[in-house]
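# A structural walkthrough
The residues making up each chain are set out below.
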Amino acid sequence: YLAIGPLYYFLFHKSNHQHYIDIFINNLMGKKGEDMISFILGKEFDDKYTYIRNFPIVKEFKGGGDIDGILLTPKGIFILEVKFYSGSFRIDQGYFYKNLKNTSKNNRFNRPIWQAKKQHEYILELLKKNDITCYFRSLVVLANGHITAINGKTDIYILEKSELVNFIKKDMTQLPNELSYETINQIIHSLV
């Protein structure tokens, strides 16, 4: 009943009800994608790893928002922007294009990459403010959907959920040093 009331209001109210329905569905699907990624990470990594979901970005920083996930590892930080998109996509020069049968439609968008860059800047600023030096990387992860091609520069790693764990493990093997206990505590304190 709690869900039907608001839906009824938005369906029959004389406002832009489609906009509100789209927001509702996007939030619902976004949570589903975040749950999937959280489950995968929880299954693959032990308690040396800390996963923080929906980390808030203060409103004063470019209008605020949140970070879908922050994975604190023994060697660094991974910032995850999780998307639950259906279909297949190619990424060209920093823009997503959904592969459609009707190619005359303009289906170009860059919001996932823009969000990931904003999140990267925010964490960089937070670490600098707290005088913390550590490795960190931003990722856009498709919890659903497929990537058919990536062409040109994106500045952000974009991958499917099936590649996420191996990507993180491989990335960490290339890092020479583990973070000290003090640095990990500093990072946690700065995030709190």
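These lines cover the structure that appears in this document, whether it is placed above or below. Here the structure is a predicted model, which means the values were calculated and not measured. (Residues numbered from 1 in each chain as written. Predicted model: local features only at pLDDT ≥ 70, side-chain atom pairs only at ≥ 80, totals over all residues. Heavy atoms only, no water.)

Turning to the packing of aromatic side chains, a few remarks are in order. Tallying each qualifying case throughout the model produces 10 aromatic pairs. Note on Phe-89 and Phe-96: the rings are 6.1 Å apart at their centroids and 70° apart in plane angle, and the pair reads as edge-to-face. Exposure class is identical for Phe-89 and Phe-96. Each is buried. Grouping aromatic residues by their ring pairs yields a cluster made of Tyr-85, Phe-89, Phe-96 and Phe-109. When the ring centre of Tyr-97 is taken as reference, the NZ or CZ atom of Arg-90 above it lies at 4.4 Å. If you follow Arg-108 out to its NZ or CZ, it ends over the ring of Tyr-95, 3.7 Å from the centre. (Phe/Tyr/Trp six-rings, centres within 6.5 Å; stacked < 30°, edge-to-face > 60°. Buried < 20%, exposed > 50% of the residue type's maximum accessible area, 1.4 Å probe, protein only. Lys NZ or Arg CZ within 6 Å of the ring centre and 35° of its normal.)

Moving on, we get to the side chain of Lys-118. Following the sequence through the fold, Lys-118 ends up in helix 3 (residues 111-129). Of the buried charged residues, Lys-118 lacks a salt bridge, with Asp-66 as the closest side chain of opposite charge at 8.4 Å. Residues in contact with Lys-118, not counting those within four places in the same chain, are Phe-61, Lys-62, Gly-63 and Gly-64. (Helix = DSSP H or I, 4+ residues; strand = E, 2+ residues; numbered from the N terminus. Lys, Arg positive; Asp, Glu negative; His and termini not counted. Salt bridge = Lys/Arg side-chain N within 4 Å of Asp/Glu carboxyl O. Contact = heavy atoms within 4.5 Å.)

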